Amino acid sequence: MKKSSETAAADRRLSTVARHLITTTTNNEEEENGSFMISSSPTAAAGQSVFSNIVGAPEDPILGVTVAYNKDPSPVKLNLGVGAYRTEEGKPLVLNVVRKAENLLVNDRTRVKEYLPIVGLADFNKLSAKLILGEDSHAIRGNLVTTVQCLSGTGSLRVGAEFLARHYYQHTIYIPNPTWGNHTKIFNLAGLTVKTYRYYDPATRGLNFQGLQEDLGSAPSGAIVLLHACAHNPTGVDPTLEQWEQIRRLIRSKSLLPFFDSAYQGFASGSLDKDAQSVRMFVGDGGECFIAQSYAKNLGLYGERVGALSIVCRAADVASRVESQLKLVIRPMYSNPPIHGASIVATILKDRNLYHEWTLELKAMADRIITMRKQLFDALSARGTPGDWSHILKQIGMFTFTGLNTKQVAFMTKEYHIYMTSDGRISMAGLSSRTVPHLADAMHAAVTTVV
Ligand code: CBA
């Protein structure tokens, strides 16, 4: 008997998870891959917890940095781990435009707290598709795109991954090396097989374009390819528009399926339209693609968990059937998404003045990050810190991939109370003019004393 797509996906998930099972050990590498630790069966005596044998899991490699930071009593501590924007005063920022939208929502007495539909707020979905695909997108005009509101970027990626595991014939996804650590876990746990393509060249601290082309060129036909729409995390290295065009041609010629992760629209160049160019190139050619959008960074809605998954199809009837299946993915996961954050976004996107105000605030955040790049570069130059640090200026978006090694990072945390991920990534958005000298002192000491 032929298995239903759901049963087949569940089988695949089980075998993927089984492959990653480990017993009673704590292993960071396995945890990185999205596996989880299974504790040995309970041997607890009567009266003891049946969970007494549970193995303690390591903290998340990125969010765990904040946990460690919070425990540090030092007055000079600095958190450059998680990608979260801070003001010059080192404080989290709620955008003015978000405050205004919230006031409008609170004062609107007609608003209720009913459940949203499974796919979320209709206005939000339409406006999110426009934001990433452009006002004049043929895909929107032709009803070729289905958009569902999801739980920020992570939730959008996960819903897309679950859909692919159930309904797409190829179960291999190629992700860049390196990439955001959660990608591997999200796709593995959905039941897909994760492979990497070369992306970053440590020697040039730039794109390994030849390696990328070779690896995607030898991927099996139909394989899924994860692409960072802009401001690649963690490297801060993006392809040029010419390179994007070559990547597009390669992907289309091999019938690979592009899956864009757009977590930083507006944060790379300061312009929402410019940062959507890679995605629009792919949609413009009439081919199909997936897009996961997040409003965590560009609207500062981190904890509101607002995002969207768009699937662009070749025909309107396909898009509509795809949406019907997305509902079957979402309903047993979280039923339907939360209303507040999506209403904030919809309020801003549909009001010309609020939208304009947002673009200015976003540009100011992007510009502040660029200023931090200059200040850090100048501070290292002033100290005569050995090495070429020009990549700090060249890299794009929230992060600088410094090139500092794990030992140097550990040294900076221990001696200078500076917190960052162990791969040497620093969130430039967490830095301010006040803290640049402290970071530069720490980096100087690290590269001159720790090999
Ligand atoms: N994709 C990429 C490439 C990201 O960097 C992040 C966030 C997300 C998910 C998706 P959200 O679900 O919040 O919309 O974002 N990455 C982090 O900024 C951090 O928020 C980071 O520091 O790498 C995280 O969750 O790890």
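Counting from 1, residues in each chain are numbered in the order their sequence is written. Reporting of local features is limited, given that this is a predicted model, to residues whose pLDDT is at least 70; pairs of side-chain atoms are given and counted only at 80 or more, and all residues count toward the totals for whole chains, interfaces and linings. Side-chain numbers here rest on the full set of heavy atoms in the structure, without hydrogens or water.

Re the layout of surface pockets
Where we set the bar: Space inside and on the surface of the protein is sampled on a 1 Å grid over the protein atoms alone, with a cavity defined as a set of points where a 1.4 Å probe fits but cannot get out and a pocket as an open set with protein on both sides within 12 Å along at least 5 of 7 lines; lining residues have an atom within 4 Å of a point. Grid points are joined across faces, edges and corners, and a volume is the space filled by probe spheres set on the points. Secondary structure elements follow DSSP: runs of H or I no shorter than four residues count as helices, runs of E no shorter than two count as strands, and numbering proceeds from the N terminus. As a working rule, the residues Ala, Val, Leu, Ile, Met, Phe, Trp, Tyr, Cys and Pro are called nonpolar, Asp, Glu, Lys and Arg charged, and the rest polar, with Gly in that last group. For the purposes of this description, domain bounds are those given by an automatic or database domain assignment.
Put simply, the second largest pocket is a space of about 590 Å³. Leu-63, Thr-154, Trp-180, Lys-297 and Arg-305 are, among the 31 residues lining the second largest pocket, the residues nearest its centre. Residue contributions to the lining of the second largest pocket peak at 4 residues, all from helix H7 (residues 152-167). For the lining of the second largest pocket, a count of residues per class yields 13 nonpolar, 11 polar and 7 charged. Both domains that meet at the lining of the second largest pocket, namely domain 1 (63-93 + 364-449) and domain 2 (115-350), each give it at least three residues.

Notes on the nonpolar core
In plain terms, the rule: What is meant by a nonpolar core is a set of buried Ala, Val, Leu, Ile, Met, Phe, Trp, Tyr and Cys residues, joined one to another through side-chain atoms within 4.5 Å. Here the term buried applies to any residue with accessible area under 20% of the maximum for its type, exposed to any over 50%, and partly exposed to those in between, with areas from a 1.4 Å probe on protein chains only. The criterion used for residue contact is that any of the two residues' heavy atoms lie within 4.5 Å.
Among the nonpolar cores identified, the biggest contains 62 residues, and Leu-299, Trp-358, Leu-376 and Met-412 are the most heavily contacted of them. A per-element tally of this core places helix H14 (residues 352-383) first, with 9 residues. Residue assignment places this core across two domains, with domain 1 (63-93 + 364-449) and domain 2 (115-350) each supplying three or more. With near-sequence residues (within four places) excluded, Leu-376 lies in contact with Ile-392, Ile-426, Met-428, Leu-431, Val-436, Leu-439, Ala-440 and Met-443.

Regarding the site of the ligand
The cut-off we apply is this: One heavy atom within 4 Å of a molecule or strand is enough for the residue carrying it to be called near that molecule or strand. N or O atoms within 3.5 Å of each other form a polar contact, as long as, within protein, one can give a hydrogen and the other can take it, and as long as residues adjacent in sequence are counted only when both atoms are side-chain atoms. Residue exposure ignores everything except the shown protein chains as possible cover, and the areas themselves are Shrake-Rupley values with a 1.4 Å probe. A pocket or cavity is taken to hold a molecule when more than half of that molecule's atoms are within 2 Å of the pocket's grid points.
Not every one of the 18 residues close to the ligand is listed here, only the nearest: Ser-152, Thr-154, Asn-233, Ser-294 and Lys-297. In this structure, an oxygen atom belonging to the ligand sits 2.5 Å away from a side-chain N or O atom of Thr-154. In this structure, Asn-233 approaches the ligand through a side-chain N or O atom, which is 2.6 Å from an oxygen atom. Relative to its unbound accessible surface of 530 Å², the ligand loses 93% to contact with the protein. Comparing atom positions with the cavity grids shows the ligand to sit within the second largest pocket. Of the residues assigned to the shell around the ligand, the class counts are 7 nonpolar, 7 polar and 4 charged. Counting residues domain by domain, the shell around the ligand receives three or more from each of domain 1 (63-93 + 364-449) and domain 2 (115-350).

Concerning the packing of helix H5 (residues 122-133) against helix H11 (residues 277-284)
Quick note on the threshold: Each axis is a line fitted through C-alpha atoms, taken for helices only over the stretch in contact, and angles between the N-to-C directions span 0 to 180 degrees. In these notes the angle categories are as follows: under 35 degrees is roughly parallel, over 145 is roughly antiparallel, 65 to 115 is roughly perpendicular, and the rest is oblique.
As a packed pair, H5 and H11 sit with axes 8 Å apart at the nearest point and diverge in direction by 95 degrees. For the element pair H5 / H11, the angle class is roughly perpendicular. Counted together, Lys-130, Leu-131, Ile-132 and Leu-133 of H5 and Val-279, Arg-280 and Val-283 of H11 form the full contact between these two elements. Class assignment for the residues of the contact of H5 with H11 results in 5 nonpolar, no polar and 2 charged.

Describing the packing of aromatic side chains
The following threshold applies: Note on aromatic contacts: the rings of Phe and Tyr and the six-membered ring of Trp form a pair at centre separations within 6.5 Å, being stacked when their planes are under 30 degrees apart, edge-to-face when over 60 apart, and tilted otherwise.
Evaluated as defined, the whole model comprises 14 aromatic pairs. Judged by centre distance (6.3 Å) and plane angle (90 degrees), the rings of Trp-244 and Phe-282 are edge-to-face. One end of the pair, Trp-244, is in helix H10 (residues 241-253); the other, Phe-282, is in helix H11, and 38 residues separate them in sequence. We classify Trp-244 as buried; its relative accessible area is 5%. Here Phe-260 and Phe-282 contribute two aromatic rings whose centre-to-centre distance is 5.1 Å and whose plane-to-plane angle is 80 degrees, an arrangement assigned as edge-to-face. With Phe-260 in strand E10 (residues 257-262) and Phe-282 in helix H11, the pair connects residues that are 22 residues apart, well separated along the chain.

Quick word on the packing of helix H4 (residues 96-107) against H14
Running from amino to carboxyl end, H4 crosses H14 at an angle of 150 degrees, the nearest separation of the two axes being 8 Å. In this view, H4 runs roughly antiparallel relative to H14, as classed from their interaxial angle. Two secondary-structure elements touch here, H4 through Asn-96, Val-97, Lys-100 and Leu-104 and H14 through Leu-354, Glu-357, Trp-358 and Glu-361. Taken together, the residues that form the contact of H4 with H14 break down as 4 nonpolar, 1 polar and 3 charged.

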